[in-house]
Amino acid sequence: MAHAPTSEGPHGSGLHQDLHWLFARLKQGLATAETAAVREHGMTLWGYTVLVAVVEAPARTQLALAQAVSVDKSKLVLILDELEDAGLVRRRPDPADRRARIIEATPEGESALKAARADIETIENRLLADLAPSARTTLQSSLQHLAGEPIAKVEDGRSPETACAPDPA
């Protein structure tokens, strides 16, 4: 198992002072563990993210859902196709606009999401096990805060580079 070097100072190398690297390393590790966990429940990580958003707001159209999860509309269609093929969501025409589709979780989707969430929570608890409860609360609230207006200011109106874009042809 590879571990990050910690040779310079109490907090390691210059990389360990770089927020981008720290977040990228955490994302990489979580993605590795969580991909395996959600796969056991018939979905990808993007599928899991989309299913969470669908369950939280079941009357969302595909366009609203794409905006909510920061995924390109064409990529969302592929994710929804996978979820629908797995029996986890269904799409139905919006009564207010027949061209739009409303996405709903199926009972199987809600069950799979509940099980996947439990597995994700276990992984996150393992990651945070060495933190005191107050530090966990501070970390969570700080990340929630930073993911809102502060990151929008830094993006300065540019499209997020890390959003799930369509695959190049």
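Here the structure is shown first, and the text comes after it.
Residues numbered from 1 in each chain as written. Predicted model: local features only at pLDDT ≥ 70, side-chain atom pairs only at ≥ 80, totals over all residues. Heavy atoms only, no water.

## Some points on helix H4 (residues 73-85)
With 13 residues, H4 extends 18 Å from end C-alpha to end C-alpha; this agrees with the ideal 18 Å at 1.5 Å per step. Where H4 is buried, its residues touch helix H2 (45-56), helix H3 (62-69), strand E1 (89-94) and strand E2 (97-105). Among the residues trailing H4, Gly87 stands out with phi positive, at a value near 75°. (Helix = DSSP H or I, 4+ residues; strand = E, 2+ residues; numbered from the N terminus. Expected span 1.5 Å × (residues − 1). Contact = heavy atoms within 4.5 Å.)

## As for the packing of helix H1 (residues 19-39) against helix H5 (residues 107-127)
Where H1 contacts H5, the axes come no closer than 10 Å and their chain directions differ by 145°. Here the hand of the crossing between H1 and H5 comes out right-handed. Judged by residue contacts, Leu26, Leu30, Ala33, Glu34, Ala37 and Val38 of H1 engage Ala116, Asp119, Ile120, Ile123, Glu124 and Leu127 from H5. Across the contact of H1 with H5, the residue classes tally to 9 nonpolar, no polar and 3 charged. (Axes fitted to C-alpha atoms, helices over the stretch in contact; angles between N-to-C directions. Left-handed = near helix turned anticlockwise from the far one by under 90°. Nonpolar A, V, L, I, M, F, W, Y, C, P; charged D, E, K, R; others polar.)

## Section: the side chain of Glu104
Along the polypeptide, Glu104 turns up in strand E2. The class of Glu104 is buried, set by a relative accessible area of 19%. One polar contact links Glu104 to Arg92, side chain to side chain, over a distance of 3.0 Å. Setting aside residues no more than four positions away along its own chain, Glu104 makes contact with Val54, Pro58, Leu88, Val89, Arg90 and Arg92. (Buried < 20%, exposed > 50% of the residue type's maximum accessible area, 1.4 Å probe, protein only. Polar contact = N/O pair within 3.5 Å; in protein donor to acceptor, adjacent residues only side chain to side chain.)

## Overview of the nonpolar core
It is characteristic of soluble globular proteins that their nonpolar side chains tend to be buried jointly. Residues Met43, Tyr48, Val50, Leu65, Leu76, Leu80 and Leu83 are the most contacted members of the largest nonpolar core, which totals 24 residues. Taken together, the elements giving at least two residues each to this core come down to H2, H3, H4, E2 and H5. When residues in this core are grouped by element, the largest group, 6 residues, is from H2. When near neighbours in sequence (up to four residues on either side) are disregarded, Leu76 contacts Val50, Gln62, Leu65, Ala66 and Val71. (Core = buried A, V, L, I, M, F, W, Y, C linked by side-chain atoms within 4.5 Å.)

## Let's talk about the pattern of salt bridges
Scanning the model with the defined rule gives 7 salt bridges in all. Asp81 serves as the salt-bridge partner of Arg91, at 2.4 Å between the closest nitrogen and oxygen. Of this pair, Arg91 sits in strand E1 while Asp81 sits in helix H4, and the two are 10 residues apart along the sequence. When the shortest N-O distance is used, the salt bridge between Arg90 and Glu104 registers 3.4 Å. With a gap of 14 residues between them, Arg90 in strand E1 and Glu104 in strand E2 connect regions that are remote in the sequence. A relative accessible area of 39% places Arg90 in the partly exposed class. What emerges from the salt-bridge pattern is a single network uniting Asp81, Glu84 and Arg91. (Salt bridge = Lys/Arg side-chain N within 4 Å of Asp/Glu carboxyl O.)

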